[in-house]
Amino acid sequence: MVLIIGLLALNLWISSKALSPNPRVRIPYSPTFLTQIKGQNVSEISSTGDAIQGMFKNPVKYGGSEPTTLFSTQVPSFADGAQLSNLLQSEGVTIDANSPDSGPSFLESLIFGFGPTLLLIALFVLIMRRAAAAGGGGGLMSFGRSRARRVEAAEQPVTFADVAGIDEAKEELTEIVDFLKNPDKYVALGGRIPRGVLLSGAPGTGKTLLARAVAGEAGVPFFLMSASEFVEMIVGVGASRVRDLFQQAKAAAPAIIFIDELDAVGRSRAAGGANITGGHDEREQTLNQILTEMDGFDPRSGVIVLAATNRAEILDPALLRPGRFDRRVSVQPPDRGGREAILRVHTRSVPLDPQVDLGALAASTPGMVGADLANLVNEAALLAARRNHTMVTREDLSDSLERIVLGAERKVMLTEEDRRRTAYHEAGHAIVGMLTPGADPVRKVSIIPRGQALGVTFSAPDADRFNLDQQHLLAQIKVALGGRAAEEIVFGDLTTGAESDIQHLTQIARHMVGRWGMSRAIGPVAVIPRDGYGPLLPGAAETSEATQRLVDEEVRRIVESAHAEVSALLREHRANLDALVARLLDRETLDEADAYAAAALPRNPEAQPEELTSTVG
Ligand code: ADP
Ligand code: ZN
């Protein structure tokens, strides 16, 4: 510590010295300078241009300055140079013998220039060393301290009443709550108490919320930490954080530790390749420390670890062994009833217009999870406030939904030609969607630019659907092709506008062939890996080049035959297409009823239950 203060003081001194101006006094040329020469008080001068620096024999005080021997002055341009030089010579002043003030030496300027920086670096290195020497425990900056957020039971308002739509998961966790409340009951009967529960499910389905609710119901402290925070650049820090986290929790037992994004440290050692920065080592050390801590639990310690992941299948098997995360709770996206329940939870404190029908809203939000619905309610409340409503109305909710699903409107000026082209493109999607069996009903068609797209056609199913059949997938491909096909038919040429449509439909076709076994030529064999996973995962076999070529051919075959059908369909229904385009150009956005009416097509009577919503640009 003394050393550090000493270094800081030195630093201050050097910089103050480097910054303090030379006590060189600036004097007027006439009379002061000339008088001093005549008084024989000037020993030497040097000049650059008209500026003169020099030295007095005896210190001189000018103005309010300290007495000094160093001075500078400026020779006026009209002064007689010859006369001055005569005067200087006659008074015996050394001229430019050497610059009276040659500035700091090389070494001096080096120290003044870089000294402070060097000292700072030295200081930093010192601090780092001390932190490391302290074993990450209590060093000066405590790198290794767990950054877990501790939420006390008292200030923990989340209970099971705040969690809706995921009843199975909730049920499985009530047992954990009971255990935390009455551990002795279980121990007396010799039951092995679970140490770890793994919550797996898509982001935003409420895993964190559930863990908080468990702690809230049991009235125990809750320690929250994200596994990605464990992993830092400095090896060893993650492990010491884990140690610290478990220590804190044990001291506060009974307690809940919640580790979010467990896959950040727990991915299978076989699967993920090491990265160059050595992150692999760090991850492994952190993971091992978690395993060690869990193995070392006294069953009576009353600490339960909940962890969340959205990719349970890539986790290291070591994590899932008995005594570790041996309970698995899957948190599914909510169904229609679940969404309604979640909307109720989130509108509890929102004044709702009596006209608002949460059931209908739930029906029109398939695929949305708890976090999306919470966001929707929040957006609607903000919108209502901006519109000076005293209550949140149905329009506020549906406009917010549209904004969330379709993206915010963008202000761009389109030429009349571009608008017409966009209208045909979107109408093409919509007409194909209306006519193709298995396609989702068209909910909205718009030629108002949003985000990247110049227009949008939005389809959504009437109800949730948990399996996709081939007919539905083909219908999605056809709807995506509809925009481009309409442009081809009407304008004869092509634009770049259909790029995202093409990506979308190619992906569906590839998955049909390579993952879902829907091509007879390939058969029910997984030949392409799931998105974002390496080719080394179980199930996705390494494929031969011949198979790859076959996949490509099958994809092409599917898309080309769909394209031929779509073109024929649109030619046949050209009148419907033109009618829809006319209405779109007039009104810009059409909702479901208007769109079907404008196209003079019936709303598909046999309502298709589908799961995925699809939006095509
Ligand atoms: P996850 O951890 O699964 O990514 P979160 O628990 O962080 O999701 O959810 C984020 C927010 O979304 C929650 O704080 C809550 O407001 C809302 N939410 C998510 N799921 C639900 C649900 N089932 N019931 C009520 N609200 C939910
Ligand atoms: Zn499109």
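What counts and how
- Residues numbered from 1 in each chain as written.
- Chains lettered and ligands numbered in written order.
- Predicted model: local features only at pLDDT ≥ 70, side-chain atom pairs only at ≥ 80, totals over all residues.
- Heavy atoms only, no water.
- Helix = DSSP H or I, 4+ residues; strand = E, 2+ residues; numbered from the N terminus.
- Buried < 20%, exposed > 50% of the residue type's maximum accessible area, 1.4 Å probe, protein only.
- Pairing = 2+ DSSP bridges.
- Salt bridge = Lys/Arg side-chain N within 4 Å of Asp/Glu carboxyl O.
- Core = buried A, V, L, I, M, F, W, Y, C linked by side-chain atoms within 4.5 Å.
- 1 Å grid on protein atoms, 1.4 Å probe; cavity = no way out; pocket = protein on both sides within 12 Å on 5 of 7 lines; lining within 4 Å.
- Points joined across faces, edges and corners; volume = space filled by probe spheres on them.
- Nonpolar A, V, L, I, M, F, W, Y, C, P; charged D, E, K, R; others polar.
- Domains from an automatic or database assignment.
- Contact = heavy atoms within 4.5 Å.
- Axes fitted to C-alpha atoms, helices over the stretch in contact; angles between N-to-C directions.
- Parallel < 35°, antiparallel > 145°, perpendicular 65-115°, else oblique.
- Near = heavy atom within 4 Å.
- Polar contact = N/O pair within 3.5 Å; in protein donor to acceptor, adjacent residues only side chain to side chain.
- Areas by Shrake-Rupley, 256 points an atom, 1.4 Å probe, with all protein chains shown as cover.
- Expected span 1.5 Å × (residues − 1).

Undergrad: Mind laying out the overall build of the chain, listing which residues take part and the relevant values?
TA: The helix and strand inventory of the chain stands at 21 helices and 15 strands. Buried residues in the chain amount to 44% of all 617 residues.

Undergrad: Break down the pairing of strand 4 (residues 68-74) for me, with residues and values.
TA: Burial runs high along strand 4: five of the seven residues are buried. Pairing of strand 1 (residues 25-26) with strand 4 involves two bridges; the strand directions are parallel. Bridged to R26 within strand 4 is S72. Here six bridges tie strand 3 (residues 51-60) to strand 4, and the two strands are oriented antiparallel to one another. Across the sheet, I52 pairs through a bridge with T73, a residue of strand 4.

Undergrad: Kindly report on the pattern of salt bridges, identifying the contributing residues and their values.
TA: Going through the model one piece at a time under the given rule, you end up with 22 salt bridges. Where R327 meets E175, a salt bridge forms, and the shortest distance between an N and an O atom there is 2.6 Å. Taken together, the positions of R327 in strand 11 (residues 327-330) and E175 in helix 5 (residues 167-181) put the pair 152 residues apart, joining distant regions of the chain. Here R557 ties to E554 by a salt bridge, and the two come within 3.0 Å at their closest N and O atoms. Placement of both R557 and E554 in helix 19 (residues 545-572) is noted, with a separation of three residues, approximately one turn of the helix. Residue class for R557 comes out partly exposed when judged on its relative accessible area of 45%. Judged by relative accessible area, which is 8%, E554 ranks as buried. Each of the salt bridges in this network shares a partner with another, and the network as a whole consists of R387, D396 and D399.

Undergrad: Outline the nonpolar core, listing residues and values.
TA: Counting 46 residues, the largest nonpolar core has M434, I477, L570, L577 and L580 as the members making the most contacts within it. At ten residues, the largest contribution of residues to this core is made by helix 17 (residues 470-491). With 29 residues, the next largest nonpolar core counts I193, L224, A308 and V331 among its residues.

Undergrad: Please give an account of the layout of surface pockets that cites residues and values.
TA: In this model, the second largest pocket occupies a volume close to 650 Å³. Classifying every residue of the lining of the second largest pocket gives 13 nonpolar, two polar and eight charged. Each of two domains, domain 3 (336-406) and domain 4 (416-616), supplies a minimum of three residues to the lining of the second largest pocket.

Undergrad: I'd love a proper account of unusual backbone geometry, names of residues and values included.
TA: Each neighbour pair has its own omega, and for S30 with P31 the value is 10 degrees, a cis peptide bond. Within the secondary structure, P31 is located in helix 2 (residues 29-38). Backbone geometry places Q40, a non-glycine residue, at a positive phi of 55 degrees. Looking at the secondary structure, you find Q40 in the loop between helix 2 and strand 2 (42-48). When its relative accessible area of 43% is taken as the criterion, Q40 is described as partly exposed.

Undergrad: How would you summarise the sheet that holds strand 1 if you had to cite specific residues and measurements?
TA: Ordered by their spatial adjacency, five strands build an open sheet running 1-4-3-2-5, and the pairing between neighbours is mixed. At either margin of the open sheet sits one strand with a lone partner, and together these are strand 1 and strand 5 (94-95). The pairing of strand 2 with strand 3 spans six bridges and is classified as antiparallel. By the bridge assignment for strand 3, I45 is matched with G54. On the sheet, helix 2 packs against strand 2, strand 3 and strand 4 and is oriented at approximately 130 degrees with respect to strand 4.

Undergrad: Describe the packing of helix 20 (residues 574-587) against helix 21 (residues 592-599), and please don't skip the residues or the numbers.
TA: Running from N to C, helix 20 and helix 21 cross one another at 135 degrees; their axes reach a closest spacing of 7 Å. Considering their axes alone, helix 20 and helix 21 lie oblique with respect to each other. From helix 20, N576, A579, L580, R583 and R587 reach across to helix 21, where they touch D594, A595, A598 and A599. Of the residues in the contact of helix 20 with helix 21, the class split is five nonpolar, one polar and three charged.

Undergrad: Account for the site of ligand 1, naming residues and giving values.
TA: Residues in contact with ligand 1 amount to 15 residues; listed here are only the nearest, A164, G204, K207, T208 and H346. Between ligand 1 and G204, the relevant distance is 2.8 Å, taken from an oxygen atom to a main-chain nitrogen or oxygen of the residue. Side-chain polar atom of H346 to a nitrogen atom of ligand 1: 2.8 Å apart, as the coordinates give it. Taken by itself ligand 1 offers 560 Å² of open surface, and the protein chains cover 78% of this.

Undergrad: Describe helix 7 (residues 207-218), listing the residues and the values that go with them.
TA: With twelve residues, helix 7 ought to run about 16 Å at 1.5 Å a step, and its terminal C-alpha atoms sit 17 Å apart, in line with that. Along helix 7, the residues classified as buried are K207, L210, A211, A213, V214, A215, G216 and A218. The secondary structure elements touched by the buried residues of helix 7 are helix 5, strand 7 (196-200), strand 8 (222-226), strand 9 (255-260) and strand 10 (303-309). Positive phi shows up at G219, right after helix 7, with a value of about 70 degrees.

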